[in-house]
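Architecture and fold: a report
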Amino acid sequence: MIPGTSLGAVTDLDGGYRIEKVPAGTCTLRITFVGYITEEIPNVSVKSGETTEFNYKLSLVFGQ
């Protein structure tokens, strides 16, 4: 998801996702999944008219 907006997506079975209608510029991505540490990645660059590919690996939560 993109914090502060209504933009976000749910992954498919392979972890793929697509967030559409993201305005050009930079944004922060918030990535969450049950059993994993929530991460926020700032300064993700989005260019007008282009598809931005972003891959990220979450870390498991241990002992919680």
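Overview of the structure. Keep in mind the model is a prediction, meaning the values are calculated, not measured. (Residues numbered from 1 in each chain as written. Predicted model: local features only at pLDDT ≥ 70, side-chain atom pairs only at ≥ 80, totals over all residues. Heavy atoms only, no water.)

As enumerated under the stated definition, the model contains 2 aromatic pairs in all. With a centroid separation of 6.2 Å and 10° between ring planes, the pair formed by Phe54 and Tyr56 is classed as stacked. Classification of Phe54 as partly exposed rests on a relative accessible area of 23%. (Phe/Tyr/Trp six-rings, centres within 6.5 Å; stacked < 30°, edge-to-face > 60°. Buried < 20%, exposed > 50% of the residue type's maximum accessible area, 1.4 Å probe, protein only.)

Of all hydrophobic cores here, the largest spans 7 residues; its members are Ile2, Ile19, Cys27, Leu29, Ile41, Val44 and Val46. Contributions of two or more residues to this core are made by strand E1 (25-31) and strand E2 (39-46). Looking at which element gives the most residues to this core, the answer is E2, with 3 residues. Excluding anything up to four places from it in sequence, Ile19 contacts Met1, Ile2, Leu7, Gly8, Ala9 and Leu29. (Core = buried A, V, L, I, M, F, W, Y, C linked by side-chain atoms within 4.5 Å. Helix = DSSP H or I, 4+ residues; strand = E, 2+ residues; numbered from the N terminus. Contact = heavy atoms within 4.5 Å.)

Another aspect to go through is the environment of Val10. Along the chain, Val10 turns up in the segment before E1. Assessed through its relative accessible area of 75%, Val10 is described here as exposed. On a C-alpha basis, the gap between Val10 and Leu29 in space is 13 Å, while along the polypeptide they are 19 residues apart. With near-sequence residues (within four places) excluded, Val10 lies in contact with Gly16 and Tyr17.

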